[in-house]
Amino acid sequence: MSEAGGGRGCGSSVPQRAPWSLVAATAAFCLVSATSVWTAGAAPMSREERQKLGNQVLEMFDHAYGNYMEHAYPADELMPLTCRGRVRGQEPSRGDVDDALGKFSLTLIDSLDTLVVLNKTKEFEDAVRKVLRDVNLDNDVVVSVFETNIRVLGGLLGGHSLAIMLKEKGEYMQWYNDELLQMAKQLGYKLLPAFNTTSGLPYPRINLKFGVRKPEARTGTETDTCTACAGTLILEFAALSRFTGATIFEEYARKALDFLWEKRQRSSNLVGVTINIHTGDWVRKDSGVGAGIDSYYEYLLKAYVLLGDDSFLERFNTHYDAIMRYISQPPLLLDVHIHKPMLNARTWMDALLAFFPGLQVLKGDIRPAIETHEMLYQVIKKHNFLPEAFTTDFRVHWAQHPLRPEFAESTYFLYKATGDPYYLEVGKTLIENLNKYARVPCGFAAMKDVRTGSHEDRMDSFFLAEMFKYLYLLFADKEDIIFDIEDYIFTTEAHLLPLWLSTTNQSISKKNTTSEYTELDDSNFDWTCPNTQILFPNDPLYAQSIREPLKNVVDKSCPRGIIRVEESFRSGAKPPLRARDFMATNPEHLEILKKMGVSLIHLKDGRVQLVQHAIQAASSIDAEDGLRFMQEMIELSSQQQKEQQLPPRAVQIVSHPFFGRVVLTAGPAQFGLDLSKHKETRGFVASSKPYNGCSELTNPEAVMGKIALIQRGQCMFAEKARNIQNAGAIGGIVIDDNEGSSSDTAPLFQMAGDGKDTDDIKIPMLFLFSKEGSIILDAIREYEEVEVLLSDKAKDRAAILKGKMIPSYIINSNPEMENEEQPSSENDSQNQSAEQITSSSQEVDLVDQESPEESFLNSQPESSSPADTDNAASVSASEQNSNPMENHETTSLDGECTDLDNQLQEQSETEEDSSPNVSWGKKVQPIDSILADWNEDIEAFEMMEKDEL
């Protein structure tokens, strides 16, 4: 995200609207000079410890990059649990997430400038040669314009920037002759057809070989794009124009930014999340600083820094004033409606907003940056990682964590701005958590659920492009880096572009279009970065004093609505009606609902439906109370459902060579030992005979004292449990008989009983889908004896391995010695879906609870439930109904509110690589039982994918 250097000159030393040559020369000074201010905020970290942590980051990068090169290259990304490459079309579609993959060795290109930052110049030279030799940009693949721009075009430009720097130094890259730049130019021209719209906003997707709108392209019919998708192009496209002299790229990117600025909501100066690329109408009218908008704001400020165009700064400051007025509720950043910015659109925040404190540092607004960063750090300390989304009272909303780097980025820039060693300790925590919970033998695996510690078989390219770069720079001294990092600006993917581009090939008209749309008061705009004496008013404990009140904000928080009720009591006013107190037969309650713009409708089937229209409320305060009441009703519905279901469990492989680093998401059972109330069960696994476990076992000696593996099907789950328990098993794992099923693409479910008394079953029973079960079965084939831990969530490795002869790096999260124990090796989404809450109206159905015998852990269409005699039942969340005429939101009290308009995705088509010169399958290591005959129910996958993202 942020600029490597910092502001636009320091305090009064640089006049307003200073010549860009002077500003460029001092662009990095503010953040660096501030480091001398902080020495007493926390115990200083010795240079030796900082070097040790920096070396640990280098080893972690080698582990991730080396395993990608060994097991995945030339595929786009590494699948770290199965130790193979992810190739588009050879794996089950993950929807929009796969649009980043274009069969162009994504991870290698995204890692190019990281290699130089980490002083791996020889590896960088080898990597550049591989890119030039192997990468083909003419594949018949539909890709995201946004992701391809920031990752691939940005990666090529960042690699080119550092290649010419190394060539000038005279030791490396002497053979280099702008080959990466020529590839970047080729890619730039391939992306240009996406801009063929009346608005100038690009189509969200393009076919690398056939462009858009052609029959062969399989794209070009989309009408909507996210604000960040259209507004995060100017740095890469302008740099491409400045490097090559071809002005068309910068012109197209500027036109898109101009259109977004023109379409902002004029009264609030906010932009929505999604816009129609043809009409310019806002499709989603909620606004925040997270997914869908984030890097649009970032690129306005950085375009000013890189290009020296004052209009970009004016626009940024106008938006920033609106953000701080409406969205910022320190330490929270909550989405609002662009037309009614005093009304919150959500009661939760997404993880992508973690970049914003870093952007505030670049802006020079340090206090709110410290506050928001500290709040996020408290959430991380509670869950080890930042969940994809969490509520205003800091409960997990979406439990995934794909190893996002935004928090590390903000940590680095806050340390640069303050010099406070507290942020070094924060970085140390991030390193420890990555090694302790995400590190696996073949790289680092994303977290599927931060609550259980279960893994997902993905390692996104941005993890290597950004995370290791920011962590290394956090602990590095200036002499540890072979070039001056302050001479470059970071793109949103942390690629490096040189600041000298500001004075190169300036053939673009810099007409100030901002004033055409709004009257601006220059006194509100910062034309220089603040003087550090103003940022830190003669108090070396300034940042600590801001953090201190927030240290317990997560553990001791209460919902914002409760705070308002308490304030109302103190003022003597009557508190607003709460969802938990509402009674449909109470006339007083009905009158309060009417005042809040909420109407009650009796349906023919006996249900009672609540519908809110904010415009019918008696006042804006009553409308806000009505919105809060509807949100509470939705949350109450979700909570009531969750009380009837069990959370997911974890199967952790603790034997050699896994040592607890592979955690599989498991479904619980409604019978047997409750792992949340009793100590975990640990033991070696053994397959039962018969494998279905539906009759008395013929190999009781094999399962005696062990955890039995059983296949699903042919009888009830409880019957299987009784048979293995009678044979002496201490636990059971049921593996799905539907080959190819996976917790990545299907909701987990809990195993129901057989309708009889199951108190006789005393052992724990867990369920694994086929893919996760195959990991255990493959481990048995390779290592014979495999020991697992059945628990409610993943356990600390130190506790698991206590008393065993295990390499110290496994227990202490210090991987420096890992290469002695394991085989050696060579060394921004934006498409995140978001739940939509429409400002005009919402509705809630009040219906009876479903029977617990029909319960699934996550919402799933009825058609996706595998039908067999296992009596695998589920708790089905009520689906949201959408009426475009009334534009309202529906939920029922027995389920979570979801938005089907945002949940339904088109199935990504299987695409074939048109390049004959790269063997995409040569390094793929198939696990037959995982990939064979993958028969995915596409409807269930599409519903689950949007629900989880």
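This is a predicted model, so every value here is computed, not measured.

About the criteria used
Residues numbered from 1 in each chain as written. Predicted model: local features only at pLDDT ≥ 70, side-chain atom pairs only at ≥ 80, totals over all residues. Heavy atoms only, no water. Helix = DSSP H or I, 4+ residues; strand = E, 2+ residues; numbered from the N terminus. Buried < 20%, exposed > 50% of the residue type's maximum accessible area, 1.4 Å probe, protein only. Pairing = 2+ DSSP bridges. Axes fitted to C-alpha atoms, helices over the stretch in contact; angles between N-to-C directions. Expected span 1.5 Å × (residues − 1). Salt bridge = Lys/Arg side-chain N within 4 Å of Asp/Glu carboxyl O. Parallel < 35°, antiparallel > 145°, perpendicular 65-115°, else oblique. Left-handed = near helix turned anticlockwise from the far one by under 90°. Contact = heavy atoms within 4.5 Å. Nonpolar A, V, L, I, M, F, W, Y, C, P; charged D, E, K, R; others polar. Polar contact = N/O pair within 3.5 Å; in protein donor to acceptor, adjacent residues only side chain to side chain.

Re unusual backbone geometry
Here's step 1: Cis geometry is found at the peptide bond from tyrosine 73 to proline 74, where omega equals 10°.
Here's step 2: Mapped onto the fold, proline 74 is located in the loop between helix H3 (47–72) and strand E1 (77–79).
Here's step 3: Looking along the chain, the bond that leaves lysine 689 and enters proline 690 is cis, with omega of 0°.
Here's step 4: Position of proline 690 among the secondary structure elements: in the loop between strand E25 (681–687) and helix H24 (700–703).
Here's step 5: Residue leucine 403 is not a glycine yet carries a positive backbone phi of 60°.
Here's step 6: With respect to the helices and strands, leucine 403 occurs in the loop between strand E14 (396–398) and helix H16 (406–418).
Here's step 7: Here glutamate 784, not a glycine, exhibits a phi torsion of approximately 65°, which is positive.
Here's step 8: Relative to the helices and strands, glutamate 784 is located in the loop between helix H26 (770–783) and strand E29 (787–791).
Here's step 9: Accessibility expressed as a relative area gives 65% for glutamate 784, which makes it exposed.

Regarding the sheet that holds strand E12 (residues 348–350)
Here's step 1: The 3 strands lie next to each other as E12-E13-E14, forming an open sheet whose pairing is antiparallel. Two strands in the sheet have a free side with no partner beyond their single neighbour: E12 and E14. For this sheet the average axis-to-axis angle between neighbouring strands, irrespective of direction, equals 30°.
Here's step 2: Across 2 bridges, the pairing between strand E13 (residues 389–391) and E14 is antiparallel. Its bridge partner lying in E14, phenylalanine 390 is registered against valine 396.

Observations concerning the sheet that holds strand E7 (residues 282–284)
Here's step 1: Read from one edge to the other, the open sheet built from 3 strands follows the order E5-E6-E7, with strand pairing classed as antiparallel. Either end of the sheet is taken by a strand with one partner, and the two such strands are strand E5 (224–226) and E7. On average, each strand axis in the sheet is inclined to that of its neighbour by 35°, with strand direction left out of account.
Here's step 2: When E5 meets strand E6 (residues 274–276), the two strands line up antiparallel, connected through 3 bridges. Among the inter-strand pairings, threonine 225 is bridged to a residue of E6, identified as isoleucine 275.

Thoughts on helix H17 (residues 422–438)
Here's step 1: When the terminal C-alpha atoms of H17 are compared, their 24 Å separation across 17 residues agrees well with the 24 Å that a helix rising 1.5 Å per residue should span.
Here's step 2: Burial runs high along H17: 13 of the 17 residues are buried.

Side note on the pattern of salt bridges
Here's step 1: Scanning the entire structure with this criterion turns up 46 salt bridges.
Here's step 2: We note a salt bridge from arginine 47 to glutamate 479, for which the minimum N-O separation is 3.7 Å. In this pair, arginine 47 sits in helix H3 while glutamate 479 sits in the loop between helix H18 (461–475) and strand E19 (488–490), placing the two residues 432 residues apart along the sequence.
Here's step 3: Classification of arginine 47 as partly exposed rests on a relative accessible area of 30%.
Here's step 4: Taking the relative accessible area as the measure of exposure, glutamate 479 reaches 58% and is therefore exposed.
Here's step 5: For the salt bridge of lysine 209 with aspartate 138, the shortest nitrogen-to-oxygen distance reads 3.3 Å. Placement of lysine 209 in the loop between strand E4 (205–207) and E5 and of aspartate 138 in the loop between helix H6 (121–134) and strand E3 (142–144) is noted, with a sequence separation of 71 residues between them.
Here's step 6: Here aspartate 138 falls in the partly exposed class, since its relative accessible area comes to 26%.
Here's step 7: Look at the salt bridges and you will find they share partners, linking Arg88, Asp96, Asp99, Arg205 and Glu222 into a network.

A word on the packing of helix H7 (residues 145–169) against helix H8 (residues 179–191)
Here's step 1: At a minimum axis separation of 8 Å, H7 and H8 run at an interaxial angle of 155°. The angle between the axes of H7 and H8 places the two elements in the roughly antiparallel class. As H7 runs across H8, the sense of the crossing is left-handed. Across the interface between the two elements, Thr148, Asn149, Val152, Leu153, Leu156, Leu157, Gly159 and His160 of H7 pack against Leu180, Leu181, Met183, Ala184, Leu187 and Leu191 of H8.
Here's step 2: Looking at the contact of H7 with H8 residue by residue, the classes come out as 10 nonpolar, 4 polar and no charged.

Considerations on the packing of H6 against H7
Geometrically, a packed helix pair is captured by the angle between its two axes and the distance between the axes.
Here's step 1: The N-to-C vectors of H6 and H7 enclose an angle of 125°; their axes lie 12 Å apart at closest approach. Judged on the interaxial angle alone, H7 and H6 are oblique. The interaxial crossing formed by H6 with H7 has left-handed handedness. For the pair formed by H6 and H7, the contact residues are Thr121, Phe124 and Val131 on the first element and Leu156, Gly159, Ala163 and Leu166 on the second.
Here's step 2: When the residues that make up the contact of H6 with H7 are grouped by side-chain class, the tally is 5 nonpolar, 2 polar and no charged.

Considering the side chain of lysine 190
Here's step 1: Secondary-structure assignment places lysine 190 in helix H8.
Here's step 2: The buried category is assigned to lysine 190, whose relative accessible area is 17%.
Here's step 3: A distance of 2.8 Å separates a polar atom in the side chain of lysine 190 from a polar atom in the side chain of aspartate 138.
Here's step 4: With near-sequence residues (within four places) excluded, lysine 190 lies in contact with Leu137, Asp138, Ile206 and Leu208.

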